[in-house]
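So the chains spell out like this:
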Amino acid sequence: METNNIELITKMVIQAINDNESKTSGFVVPIGVSARHIHLTQEHVEALFGPGYQLTKKKELMGGQFASNEQVTIVGLKLRAIENVRILGPVRKASQVEVSATDAIKLGMKVPVRESGDVKGSAPIAVVGPKGVVYLDEGCIVAMRHIHMSPKDAAAAGVKDGDIVSVKADNERGTTFNHVKIRVHESFTLEMHIDTDEANASQIKTGDTVEIIK
């Protein structure tokens, strides 16, 4: 084979590789580290804070949610407690406590990893407020890692609501997260949510970015 032909073929192969890498490069997603928190029904808000009580807004979050000024104490089955757990509003149809795996150990409980809202058969827990106590037969979970996206972002990333993807953090720890749920809604801002355990282990903080692996 002539030298010129070899050079031409080599250039074509390199170009093809570069084109392929460009097409399959990851979609970049910012990280939001989620600390332990709780969602409550209006009935439970009133049981904990008094009749007619309404949550007060501290900070706006995505999708119409907000971090409230109100905090509670959560208590596990072995009467181990974690104080100052923030309530997120607005109120929901079912109460739910989201903790990290480390929190679960501190509480002396076995807590399942679940998607937010999937509380059937999850761990029981007590919630203590200034005016009362609520006992949840189920509702305590370790939240499944997930990515919030608008429909426009989902189209750009080539994913749809409910997809499970992997993401890669290109830092000193070089962490890859599998089993990441895609959640798509018009009200969502692009952000991947991980808990404090995952963030600490991978040396990731809020505002860092990861790439969806295709």
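Residues numbered from 1 in each chain as written. Predicted model: local features only at pLDDT ≥ 70, side-chain atom pairs only at ≥ 80, totals over all residues. Heavy atoms only, no water.

## Observations regarding the pattern of salt bridges
Following the criterion strictly, the structure yields seven salt bridges and no others. For Asp103, the salt bridge goes to Arg36, with nearest N and O atoms at 2.9 Å. Taken together, the positions of Asp103 in helix α3 (residues 101–107) and Arg36 in the loop between β1 (27–34) and β2 (37–39) put the pair 67 residues apart, joining distant regions of the chain. Residue classification places Asp103 among the buried positions, given a relative accessible area of 6%. Given the relative accessible area of 33%, Arg36 is considered partly exposed. Residue Lys205 pairs with Asp208 through a salt bridge whose shortest N-O separation is 3.2 Å. (Salt bridge = Lys/Arg side-chain N within 4 Å of Asp/Glu carboxyl O. Helix = DSSP H or I, 4+ residues; strand = E, 2+ residues; numbered from the N terminus. Buried < 20%, exposed > 50% of the residue type's maximum accessible area, 1.4 Å probe, protein only.)

## Notes on the sheet that holds strand β12 (residues 176–184)
The strand order around the closed barrel built from six strands is β1-β13-β10-β12-β11-β14, with neighbouring strands paired in mixed fashion. Going across the sheet, the axis of each strand differs from the next one's by a mean of 45 degrees, ignoring polarity. Pairing between strand β11 (residues 164–168) and strand β14 (residues 209–213): three bridges, direction antiparallel. Within β14, the position partnered with Lys168 by the bridge is Glu211. (Pairing = 2+ DSSP bridges. Axes fitted to C-alpha atoms, helices over the stretch in contact; angles between N-to-C directions.)

## Focus: helix α2 (residues 42–49)
By the burial criterion, the buried members of α2 are His44, Val45, Leu48 and Phe49. Looking straight down α2, one finds its buried side chains confined to an arc of 115 degrees; they lie on one side. Where the residues of α2 are buried, they touch β4 (66–75), β5 (81–89), β8 (123–128) and β9 (133–143). (Arc of directions from axis to C-beta. Contact = heavy atoms within 4.5 Å.)

## Remarks on the pairing of β5
Examined bridge by bridge, β2 and β5 share three bridges and lie parallel to one another. Bridging across to β5, His39 finds its partner in Leu88. Two elements, β4 and β5, share six bridges in a ladder whose sense is antiparallel. Following the sheet pairing, Ala67 is matched in β5 by Leu88. Count of turn residues in the β4/β5 antiparallel hairpin: five residues, of which Leu79 carries a positive phi of about 60 degrees.

## Some points on unusual backbone geometry
Geometrically, the link from Gly89 to Pro90 is a cis peptide bond, its omega value of 0 degrees lying close to zero. Relative to the assigned elements, Pro90 resides in the loop between β5 and β6 (96–98). For Leu79, which is not a glycine, the phi torsion comes out positive at approximately 60 degrees. Among the secondary structure elements, Leu79 is positioned in the loop between β4 and β5. Look at Leu79 and you get exposed, because its relative accessible area is 71%.

## Focus: the pairing of β11
Taking every second residue as pointing to the same face, the buried face of β11 carries Val165 and Val167, while none of Ile164, Ser166 and Lys168 on the other face is buried. Two elements, β11 and β12, share four bridges in a ladder whose sense is antiparallel. In the sheet register, Ile164 faces β12, and the bridge partner there is Lys181.

## A word on the packing of aromatic side chains
Under the definition given, this model contains one aromatic pair. Judged by centre distance (5.0 Å) and plane angle (20 degrees), the rings of Phe49 and Tyr53 are stacked. Using a relative accessible area of 11% as the deciding quantity, one classes Phe49 as buried. Exposure remark for Tyr53: the relative accessible area of 27% places this residue in the partly exposed category. (Phe/Tyr/Trp six-rings, centres within 6.5 Å; stacked < 30°, edge-to-face > 60°.)

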